[in-house]
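Fold and geometry: a report
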Amino acid sequence: MDLKARFARLIAATGPISVAQFMAESNARYYDRRDPLGSAGDFTTAPEISQVFGELIGLWLADLWDRAGRPARVHYVELGPGRGTLARDALRAAQRFGLTPQIHFVEASSALRSVQRDLVGDAVWHDDPGSLPDDAPLLIVANEFLDALPVRQMVRTAAGWRERMVGIDGERLVPIAGPRPMDAAVPPLLADAGEGAIIETCPAAAAVVDDLARRIAAQGGAALIIDYGRTAMAHGSSLQALRAHRKVDPFAYPGRADLTAHVDFSVLPAVAQAAGARWMGTVEQGAFLIALGLGARVDALCRAAPGEAPAIRAAAQRLAAPQAMGTLFKVMGLAAPDWPLGAGF
Ligand code: SAH
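Residues numbered from 1 in each chain as written. Predicted model: local features only at pLDDT ≥ 70, side-chain atom pairs only at ≥ 80, totals over all residues. Heavy atoms only, no water.

Points about the sheet that holds strand β13 (residues 258-260)
Stated precisely, the cut-off is as follows: In short, DSSP must find at least two bridges between two strands for them to pair. For helices the rule is a DSSP run of H or I covering at least 4 residues; for strands it is a run of E covering at least 2, with both sets numbered from the N terminus onward. Note on method: axes are straight lines fitted to C-alpha atoms, helices fitted across the in-contact stretch only, with angles between N-to-C directions ranging 0 to 180 degrees.
Strand order across the open sheet formed by 3 strands is β12-β11-β13, with antiparallel pairing between neighbours. Pairing within the sheet leaves two strands with one partner each, and these edge strands are β12 (246-248) and β13. For this sheet, the mean inter-axis angle between neighbouring strands, taken without regard to orientation, is 40°. In the sheet, strand β11 (residues 240-243) pairs with β12 via 3 bridges, with the strands oriented antiparallel. Paired with L242 across the bridge in β12 is K247.

Some words on the packing of helix α11 (residues 294-304) against helix α12 (residues 309-320)
Worth spelling out the cut-off: Any angle that is under 35 degrees is reported as roughly parallel, and any over 145 degrees as roughly antiparallel; angles of 65 to 115 degrees are reported as roughly perpendicular and all others as oblique. Throughout, a crossing is termed right-handed when the near helix is turned clockwise from the far one, and left-handed when it is turned anticlockwise from it by less than a right angle. Should any heavy atoms of two residues lie within 4.5 Å, those residues are counted as being in contact. When residues are grouped by polarity, Ala, Val, Leu, Ile, Met, Phe, Trp, Tyr, Cys and Pro land in nonpolar, Asp, Glu, Lys and Arg in charged, and all others, Gly among them, in polar.
Look at α11 against α12: their axes get within 9 Å of each other, and the N-to-C directions meet at 160°. Between α11 and α12, the angle is such that the two are roughly antiparallel. The two elements α11 and α12 meet at a crossing, and its hand is right-handed. Across the interface between the two elements, L294, V298, D299, L301 and C302 of α11 pack against A309, I312, R313, A316 and A320 of α12. Within the contact of α11 with α12, the residues separate by chemical class into 8 nonpolar, no polar and 2 charged.

Section: the domain arrangement of the protein
For clarity, the cut-off: Residue ranges for the domains originate in an automatic or database domain assignment. What gets called buried area is simply the loss in accessible area from a 1.4 Å probe that two parts show on being joined, summed for both. Salt-bridge detection follows one rule: a side-chain nitrogen of Lys or Arg within 4 Å of a carboxyl oxygen of Asp or Glu. Here a polar contact is taken to be a pair of N or O atoms separated by no more than 3.5 Å, where protein atoms must pair a possible hydrogen donor with a possible acceptor and residues adjacent in sequence count only if both atoms sit in side chains.
If you check the domain split of the protein, you get domain 1 (1-29 + 152-201 + 236-260) and domain 2 (33-147 + 202-231 + 266-335). The C-alpha-based centres of domain 1 and domain 2 are spaced at 30 Å. Across the boundary between the two partners, domain 1 contributes 16 residues, which contact 13 residues of domain 2. Where domain 1 abuts domain 2, roughly 1,000 Å² becomes buried across the two surfaces, and 42% of that area is made up of carbon and sulfur atoms. At the junction of domain 1 with domain 2, the criterion picks out 0 salt bridges. Viewed at the interface, domain 2 and domain 1 are joined by 6 residue pairs in polar contact (both at pLDDT 80 or more). Every element with two or more residues in the side of domain 1 that touches domain 2 is listed here: α2 (19-32), β9 (198-201), β11 and β13.

Below, the structure written as structure tokens:
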């Protein structure tokens, strides 16, 4: 049954559902049976734009692993690996420096698991981070994973803060204010705002970062978390839906459009530190890639394939330029307390 019809029936029977439930169920349905990436899909991502993205991440991991004393047993963990392109490029680059970890993918989508199996082959798949190995250091990468996790929203009404929910208006699903007072759940810094103001939090992202940070603090290793988002607390909904590379009403196509929200990088370092990990910093993607040698790698690729040079350079621009992905996307680095700091921070 169409998810929109199912939501409409549920809401008619039991009342509005939270934005968080709406987003969680919509994305579970959305990802499960399709490969949404690329020009034929709904959106594209950095590893699909240029091989240099994954290669530089692989070199970052290999450098850190080398300076951590080259532990023989180590796991590469990727959350939401998409088509497996980042893993393939990163592990190819890392291998040249002697890093050949076991591969673990945290992936909910059965369709994407099969694409990943074709590209990378020898991996272990996990439904969530709960079953990751606990016997050796983890080298963790998550690109555009946290943005897919459900956000909770609060909206300011004349009667105070309420949970933002999804109700029905005729045939349409629409955002509305829930019935219960939520003033106690609002961060004091943001509580004072005019009617209609929205506050967005992502408890699921905080839970994932807490879990990963605990693991690397206990086992050794590091994590690179890359996504679009903000580094200061702010009001407003960042919920957006992409369908065939166009923004559409986030409530109009549940399960048939990619729903994402900006990652709130302002809260994640404290979550990771409280779990025992070391925060390397959070930097803009463009600056990070340039610091890791984007220019030199692009020059080398252009020399090897002069006919492709304009396309290779345009793709690198897209990853690093401020008006493209260079400043909106952030890179947060975490490490075990006794591991070295990574390059680029
Ligand atoms: N990292 C990839 C893909 C990003 S799309 C890239 O950069 O191209 C988001 C990825 O996260 C997809 O692989 C999707 O199936 C996965 N995903 C989304 N929500 C998930 C969840 N709750 N649990 C596990 N995987 C999830």
